[in-house]
Amino acid sequence: MRLLNLFCCFLVFYDSVSQMPVAEGKSVQQTVEILTRKLELLGAEKQGTFCVDCETYHTAASTMGNQGQAGKLMYVMHNSEYPLSCFALFENGPCLIADANFDVLMVKLKGFFQNAKANKIESRGTRYQYCDFLVKVGTVTMGPSARGISVEVEYCPCVVANDCWNLLMEFMQSFMGSHTPGIPSMFGNKHDSIYSPGDTMAQYMELFNKIRKQQQVSVAGIR
């Protein structure tokens, strides 16, 4: 029975994670409400809530030999769809999937990796089910402030991107309109590969980093 539970934890179907721009003259929350209203008019039904969070760790200065050497970043992430798991992603590197005690390990590794607490970011919102599609519309926040909107769309019967992308895109166009994303860049050379939970988390990592950079540009512009 335990083996079966472990397998179920890591079974995932193909999905797309993208950023939805804030509608002109509207706030983040108002844009989220517009999106969810469109989904409900299509016939989608609420199926609870979700949360994806990400904390950034950088290599400690004491571990770098050269003073001018750039430190490496590691992103430790959690997804409410996988409550018993923790994901560690490196820039342009692999995705490690561990159990929830990985957070405790990171505390013990503080001599090697230091937590950039100001960079914590998360997406939280409502799950919707529409036929074979699962849609998650989330508000992305850094600290107390809303910074953007995430849209994750999962097509449940399929685990290979190349087999269902056109169908997924057609469905997204029904409520995202001209903001429907193209196929994620990470699938450029792996259209026929089996989709995994790590692929979802890598998409969220890219989205969160994009929003962080937008925030940095915004702050620089104010100065």
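Residues numbered from 1 in each chain as written. Predicted model: local features only at pLDDT ≥ 70, side-chain atom pairs only at ≥ 80, totals over all residues. Heavy atoms only, no water.

Naming follows an unreviewed UniProt entry, where the chain appears as Mediator of RNA polymerase II transcription subunit 20 of Chelydra serpentina. You can read under Sequence similarities (unreviewed entry) in the UniProt record for the chain the words "Belongs to the Mediator complex subunit 20 family." (UniProt positions renumbered as here; feature names shortened; annotations may be inferred.)

Visitor: Please give an account of unusual backbone geometry that cites residues and values.
Guide: A positive phi angle, close to 50°, is found at Cys131, a residue other than glycine. Within the fold, Cys131 resides in the loop between strand 7 (121-130) and strand 8 (133-142). Of the residues examined, Cys131 reaches a relative accessible area of 62% and is grouped as exposed. (Helix = DSSP H or I, 4+ residues; strand = E, 2+ residues; numbered from the N terminus. Buried < 20%, exposed > 50% of the residue type's maximum accessible area, 1.4 Å probe, protein only.)

Visitor: Tell me what's going on with helix 4 (residues 161-176), and back it up with residues and numbers.
Guide: Structural remark: α-helix, 3.6 residues per turn; residues separated by three or four positions point the same way. Helix length check: helix 4 (16 residues) gives 20 Å between terminal C-alpha atoms against 22 Å at 1.5 Å per residue, more than 12% under. Of all the bends in helix 4, the largest measures some 25° and sits at Leu167. On its buried side, helix 4 packs onto strand 1 (15-19), helix 2 (28-42), strand 7, strand 8 and strand 9 (145-155). Two residues or fewer past helix 4, Gly177 is found with a positive phi of approximately 60°. (Expected span 1.5 Å × (residues − 1). Bend = angle between axes of the 7 residues up to and from the residue. Contact = heavy atoms within 4.5 Å.)

Visitor: Any details on the packing of aromatic side chains? Residues and values, ideally.
Guide: Under the defined criterion, the tally for this structure stands at six aromatic pairs. Considering the side-chain rings of Phe133 and Tyr155, the 5.1 Å spacing of their centres and the 40° angle between planes classify their relative orientation as tilted. Of this pair, Phe133 sits in strand 8 while Tyr155 sits in strand 9; the two residues are 22 residues apart in sequence, bridging distant segments of the chain. Judged by its relative accessible area of 8%, Phe133 is buried. Exposure remark for Tyr155: the relative accessible area of 15% places this residue in the buried category. Through successive ring pairs, a cluster of aromatic residues spans Tyr130, Phe133, Tyr155, Phe171 and Phe175. (Phe/Tyr/Trp six-rings, centres within 6.5 Å; stacked < 30°, edge-to-face > 60°.)

Visitor: Give a detailed account of the environment of Met201, specifying residues and quantitative values.
Guide: Relative to the helices and strands, Met201 is located in helix 5 (residues 197-222). Expressed as a C-alpha distance, the spacing of Met201 and Ala88, which sit 113 residues apart in the sequence, is 9.2 Å. Among residues more than four places away in sequence, those in contact with Met201 are Val52, Met77, His78, Asn79, Phe87 and Leu89.

Visitor: Give a detailed account of the pairing of strand 5 (residues 95-99), specifying residues and quantitative values.
Guide: The pairing of strand 4 (residues 85-90) with strand 5 spans five bridges and is antiparallel. In the sheet register, Leu89 faces strand 5, and the bridge partner there is Cys95. Joining the antiparallel neighbours strand 4 and strand 5 is a turn of four residues, in which Asn92 adopts a positive phi near 55°. (Pairing = 2+ DSSP bridges.)

Visitor: Break down the environment of Asp53 for me, citing the residues and quoting the values.
Guide: By the secondary structure assignment, Asp53 is in strand 2 (residues 45-59). Taking relative accessible area as the criterion, Asp53 reaches 13% and is therefore assigned buried. C-alpha of Asp53 to C-alpha of Phe208: the two residues are 155 residues apart in sequence and 9.3 Å apart in space. The residues touching Asp53, leaving out its near neighbours within four places in the chain, are Val76, Met77, His78, Lys120, Ile121 and Glu122. At 2.9 Å, the side chain of Asp53 forms a polar contact with the side chain of His78. (Polar contact = N/O pair within 3.5 Å; in protein donor to acceptor, adjacent residues only side chain to side chain.)

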